[in-house]
Each structure stands twice: as C-alpha cells, then as structure tokens.
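Listed here are the chains, written in short residue letters.
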Amino acid sequence: MTQAAVSELDERVPGRRWTVRLDAAGRGSAAVRISCSRPACAEQRLPSAAAGRAAAIAHLKAHLRAAPAPRPGAYCACKLEGCHTHLPDTGRHTRAEPWRCGGPVVLAVITDREGRWWQAMECCSRCAAATPGAKTAATSQPPSPPTTGRPAPTATDTGAGTSGPQFSDHQAATGTAVPAPRPVPARRRPPQAKIAQRVIPHDLRPVALRDELIELGDLFRAYQQRTEPDLALLADLQERKARAFTTWADVTCEGALRWEARRAEQAAAATRLQHQQRTGTTTGGSTDNDGPAVTRLLTVAPQWDHARSVLAHVADHTPLPGPEARLLVLMLTLRTAHTGTGNLVGQDLTALGLTDPEELVDKLTGCGWLTLPATAGDLLASRPENPTPITVPSLVPHEDKAGPFTFGKKMRPKLSGWAQKVISDKKLRKAKATAATRLLALTLVTQTDASGRLGPGGQGIALTALAAWVPVDSRELQPLVDQLTQADWLTGAALTGTHLTGQLTERVLPLTCPLRA
C-alpha cells in the first residue's frame, strides 16, 4: 500500500505558481517596474507606485481570468517550500492521501502587507486556509466517482437522470432530469466605513455627521494616492477633520475623539504654515505684496534661522579684519560646521573674488584658526578628484562642550550649498563682484521680509547692524550697493544716514531667508 501511495505521489504534477512583483526602477526616481515570473510576460515601467500597484493587480487578474481551472490531481505548490502542513505525520494513523493535506485543490492568491508582490498558486484548501492573507480565486471540480462495471441506468429506469433522491409527492417525468438545487448565496457583511483607523458606526447620528466622516475618510485615502503633495488641500482636510471629530466627541462624549480633533487642528496649522513658507502667501491666501509665489532654496523658517546664526557667529569670531577675511571664514565655517573638519579644493577659493587667497589662507593658518596638512599653495592647486582636508579647531566638538551650532549633519550641506549659490551668482561673477559685494549680497538675503523688502517689515536695515555683518566703511557702502543694483540683485535702493532701504529683485527671491514677523 505504501508503494502504491508513493507511486501515486510521483505521478501527480506539482501545482502551478507565478508571482508579480513591484520594485523601484532606480534611486532618486518615483518610477517603478513590474515583473512577472511567467516567461512570456515583459517587464513594465510606470511613473509612480500608485500607478504601478494598479497595473500589477490588473496584470495578475488577467492571468487568473486566462488560467485554466485548478487541477484536482495537482499537489500543493507550497509543498516544495516545506510548508508546515506537509510535515511528515507522527501520529498512529497514516494519511490516506499523502500528496496533499486535505480538501479540494484551489487557486489561492497571496500578497504582502506593503503591496510589493502578489502570488497565485495551486494548493489544497487546507493550505490556503492556513496561509495568512490567502484568498481563493477558483476551486477544482471533484473527480467523477469510479465505475464498478455495472451498466449505467437507462432513461427508462426509475429515477434515471436524477441528481438526488425521489419522493412520492414529487415524481419527475420520465426522461426528465431534476434540476440541481440553487446554491445558497453566501452572506456578506457590508463594508465598514473608516477614518483614521476608526470604524464609523452605521447607526451614528446625525446622519450628516456620518456622511461627513465617510467623505473625509475617502478624501484622505485619495490624497495618499497622489504623486505630488498639495499642502493647501491637506490643511483644508485636517481642518474639516478637526471640526467633524469635535462634533463626534460631543455626540458620543468620548475623550479620545476630542484629543484626535486637537491633533488634527495642530496638523492643519503646521501644514498651513509650511505651505505659506514655501509659497510666500499670507494667511488669507494672497501672496505678500501681491507678488509671485516663491519656491525657496531653504524652505522653512528653522533653516533661515540657522543661516543667520552662522552669519552672527562668523561676525563675532573672525580672527582677521576686512570683508575678504570675513567671507573666507564664513565659507570655511559652513564647510566644517558640524565636525570641525571638511574638504576643500582650489576652485572653492578662487570663486570668492579674493585679491590674494593664498596670502589670506597663510594668515588664517598662522594665527591657528585653520589647520592644513599641506601649504596654502597645495590647497589652491587641489582639484575635485583629490581635495584637501581642512580643520577648524574651534569648531571641533568636545565631550564636555557642545559645538556653537544646533543644526545637524544633514542641515550643514544645505546651508553651505545655499551660500555657494549666492556668492556664485552668474551676474555677480559676470560683473566681477568683489568679496565685499558678495558678502553684502549674502547678508541682504537674510534680512528681508517675505516679499523681498529689506529690513523687518520692509522698513530698511540699520547701518549700525549692517556694519557688524559687512565690515566696510560707510563711505564704501554706496559703491557696493550700486554694484548689486547693476547686477540685477537690488532695486529701488536708497542709502540714508541711518538705513539702507530697497527691494531684492524677483530672480533673487528663491535665495532669501525671510525674517519672522
């Protein structure tokens, strides 16, 4: 009997299996690729994860529709992977069918929770029930009963062609088959409406509140499928959620709902503020001074404050006088702000408009502010493929003393890149702007309102404060302002005895760090 069972197992065919996967197309891109384990299926590429997930599901459904019904004679596909339901029996009774666990063969569909792959396989119904998340797409038909050698009953025999027992009060006509009983439809529960992982009760009153919660849940789920964020829309949804949850809490007297409403209010305010900072809009929705919306290089207020903190630190700790030394110390500080060390190449120094960068580097190393492994000439000759490591001892953090800056290592390159964009502006380079002019340009972009007007509230910058950031004589300030005006950096500039007023041009607004109102 055992040999017969083994031979039966050898004769049976393994269950079919195929997998549809969704993977990233590459780094730095939102595109995805869809691959199918079936050889005839070509790889697909789509622009977003949402579109890729929909295409992958449609691809799998097409396979399920085209696939033949599960074969009753196939053994489980999961048996090849050592499925726990296929472990050898240790009991006293031997299974009558060693080729499967039990139940008819089905076509089961399995997916992971993150929606990255979908798999269809032939297995027995017991394995499908034991697999988490498995859904049955089709079931095999039971095999026909074996014949015993007796002749099949003819149509003239009593009960011929019937599929069930015959009763005296329901006699079928001769030669007419009794129809099979109509299958009882499976009872399904209506889908539950949810919002924020909370089930919305079907008997919640008033009905308008329940309708609002259901609509909000659908809108939030639709927003999650967007390929691009819309902060204004998200803030509106959070405000609606706060109002709806407050009403829900009033109706049910549930404190957790009121707490959720407060969270939604905070999220709406934070999202609205972030939207205003990115676009330069006021609370009412119109742009400041009716100007254009601005997409800034540094997008949020904490980044602007960090930029001003670096300028203030350099103004207090530059070891040498003059605007050239101030500009060089500023750029070196931004390169080494987090750990006190960094890499530098000669082009970084020659792009600053310094009169004699080699002499200035020698002075900084001579006073101990800067440490180099080689000479200043070697630093100027270094290229990007072989940069020179530099160290600023005053910025190296110690165990018992925190560094002068509070931003982290991810913020440092953003600030350094922002400053490099300012001093390397194309029109400033074309005009051969001096180091003092570039330092003034860098200072002005941190001392404007959201519309680009100089000073707090657009009232201008006090010359006493400006002199602390740009160390030049008041008589030398007018030529620097004129040079910025000619470079399309500043417009409507007016230099009085106490203030510098004016407006940064529209092309410069993305580089600004507006003052907080």
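Relevant structure appears above.
Now for a look at the structure at hand. (Residues numbered from 1 in each chain as written. Predicted model: local features only at pLDDT ≥ 70, side-chain atom pairs only at ≥ 80, totals over all residues. Heavy atoms only, no water.)

Tracing the sequence through the fold places K432 in the loop between α13 (426-430) and α14 (435-444). Residue classification places K432 among the exposed residues on the basis of a relative accessible area of 70%. The spacing of K432 and A487 is 55 residues in sequence and 9.9 Å in space, taken between C-alpha atoms. (Helix = DSSP H or I, 4+ residues; strand = E, 2+ residues; numbered from the N terminus. Buried < 20%, exposed > 50% of the residue type's maximum accessible area, 1.4 Å probe, protein only.)

Empty space among the atoms can be located by rolling a probe the size of a water molecule over them. Per the counting criterion, the structure on display carries 3 cavities of 30 Å³ or more. In this structure, the largest cavity encloses a volume near 60 Å³. Contributing to the lining of the largest cavity are L328, M331, L332, R335, L344, D348, L349, L352 and Q420. Mapped by element, the contributors of at least two residues to the lining of the largest cavity are α8 (323-336) and α9 (346-350). (1 Å grid on protein atoms, 1.4 Å probe; cavity = no way out; pocket = protein on both sides within 12 Å on 5 of 7 lines; lining within 4 Å. Points joined across faces, edges and corners; volume = space filled by probe spheres on them.)

An ideal rise of 1.5 Å per residue puts 32 Å on 22 residues; helix α5 (residues 231-252) measures up with 31 Å between its terminal C-alpha atoms. C253 sits one or two positions beyond α5 and adopts a positive phi of about 60 degrees. (Expected span 1.5 Å × (residues − 1).)

Applying the stated criterion across every chain, the model contains 2 aromatic pairs. Between F245 and W248, the ring centres sit 5.4 Å apart and the planes meet at 65 degrees, which makes this aromatic pair edge-to-face. On the criterion of helical spacing, the pair formed by F245 and W248 is a turn pair, its members being 3 residues apart in helix α5. For F245, a relative accessible area of 0% puts it in the buried group. Where F405 meets F407, the ring centres are 5.3 Å apart and the plane angle is 25 degrees; that geometry is what we call stacked. Take F405: its relative accessible area is 12%, and that puts it in the buried class. Seen from the ring of W18, R38 lies directly overhead, with NZ or CZ sitting 4.8 Å from the centre. A cation over an aromatic ring shows up here: K241 above the ring of F220, its NZ or CZ 5.8 Å from the ring centre. (Phe/Tyr/Trp six-rings, centres within 6.5 Å; stacked < 30°, edge-to-face > 60°. Lys NZ or Arg CZ within 6 Å of the ring centre and 35° of its normal.)

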